[in-house]
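Listed below are the residues making up each chain.
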Amino acid sequence: MNTWRQEHPIDTTKLAERYHRVRTALPAHVRLIAVSKTRTVGEIKALYDLGQRDFGENYPQELRDKHPLLPPDIRWHFIGHLQRNKVKYVVPFVHLIHTVDSADLLDELEKRAAAAERTLDVLIQLRIAREETKYGMSEEDLGDLLRTWTTERWKHLRPIGLMGMASLSDDHHLVKAEFDGLARFQRTLIEEGIVNADIFREFSMGMSSDVDISLEAGSTMVRIGTAIFGERS
């Protein structure tokens, strides 16, 4: 049995306190993505009952299995590294994919979105961290991708912004430089007319450990899990 299905008692009072603390610390225009990977259906439903609607998952099969067990108005965000052979599990219902990092992945997303007869919003992931374990495109490759974007090739996909993951570091200046670089690159794309500022305006950056720095850099979406749900059992 998958661990996320093994329900356990939920302290809804503490959950509400943590959620309120996180939510009220964010500006009104910033969307809170509650990271629910490996969390039980009961935990997600408890947070849903407090008013949360945006949830982020990292594993395609887990998201596929959770989706039918939870309210249909949840906006599911896929925030993990996505392999092409797993795209089929999430495209029929996912709200936003944050981690697009290649034209090949876009081709697979296009095929599946067309089959599902829907238009899918995506974020393009820029590699801003120095860590080898982080995914994402280089500025050069990402710029080339968007310069050559054609609606004929990807007519069921809509790029609406960038996503980045900073280095896992206590160095405030390093993390700030990485987030500022992401914001600066997006401004360059807009100034050069490569993207439409009215559409390409989202920044998905910032987690529990660096959310304040990401907000300073202009994040519009933050991905927070433990600070809301508490430590995993």
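These numbers come from a predicted model, not from an experiment.

Calculation notes
- Residues numbered from 1 in each chain as written.
- Predicted model: local features only at pLDDT ≥ 70, side-chain atom pairs only at ≥ 80, totals over all residues.
- Heavy atoms only, no water.
- Salt bridge = Lys/Arg side-chain N within 4 Å of Asp/Glu carboxyl O.
- Helix = DSSP H or I, 4+ residues; strand = E, 2+ residues; numbered from the N terminus.
- Buried < 20%, exposed > 50% of the residue type's maximum accessible area, 1.4 Å probe, protein only.
- Expected span 1.5 Å × (residues − 1).
- Arc of directions from axis to C-beta.
- Contact = heavy atoms within 4.5 Å.
- Polar contact = N/O pair within 3.5 Å; in protein donor to acceptor, adjacent residues only side chain to side chain.

A.B. asks: Sorry, what's going on with the pattern of salt bridges here?
C.D. replies: Pairs can form between side chains of opposite charge whenever their charged atoms are close. Overall, the coordinates contain 16 salt bridges when judged by the stated rule. Between Arg-75 and Asp-54 there is a salt bridge whose closest N-O contact spans 2.9 Å. Of this pair, Arg-75 sits in strand β3 (residues 75-78) while Asp-54 is found in strand β2 (residues 54-57), placing the two residues 21 residues apart along the sequence. The exposure class assigned to Asp-54 is buried, which follows from its relative accessible area of 5%. Measuring nitrogen to oxygen at the nearest pair gives 2.9 Å for the salt bridge that ties Glu-57 to Lys-66. Given the relative accessible area of 0%, Glu-57 is considered buried. When its relative accessible area of 0% is taken as the criterion, Lys-66 is described as buried. Each of the salt bridges in this network shares a partner with another, and the network as a whole consists of Arg-84, Glu-108, Lys-111 and Arg-112.

A.B. asks: It is not clear to me how helix α1 (residues 12-24) should be interpreted in this structure. Could you clarify?
C.D. replies: Counting along an α-helix, one turn takes 3.6 residues, and residues three or four places apart therefore face a common direction. For α1, with 13 residues, the first-to-last C-alpha span of 18 Å sits near the 18 Å given by 1.5 Å per residue. Among all positions of α1, only Leu-15, Arg-18, Tyr-19 and Val-22 are buried. Along the axis of α1, the buried positions cluster into a sector of 100°, meaning they face one direction only. Exposed positions of α1 whose direction lies more than 90 degrees from the buried face are His-20, Arg-21 and Thr-24. Where the residues of α1 are buried, they touch β1 (31-35), α2 (41-49), β8 (221-224) and α8 (226-229). The backbone nitrogen of Thr-13 lies 3.2 Å from a side-chain oxygen of the residue at the head of α1, namely Asp-11.

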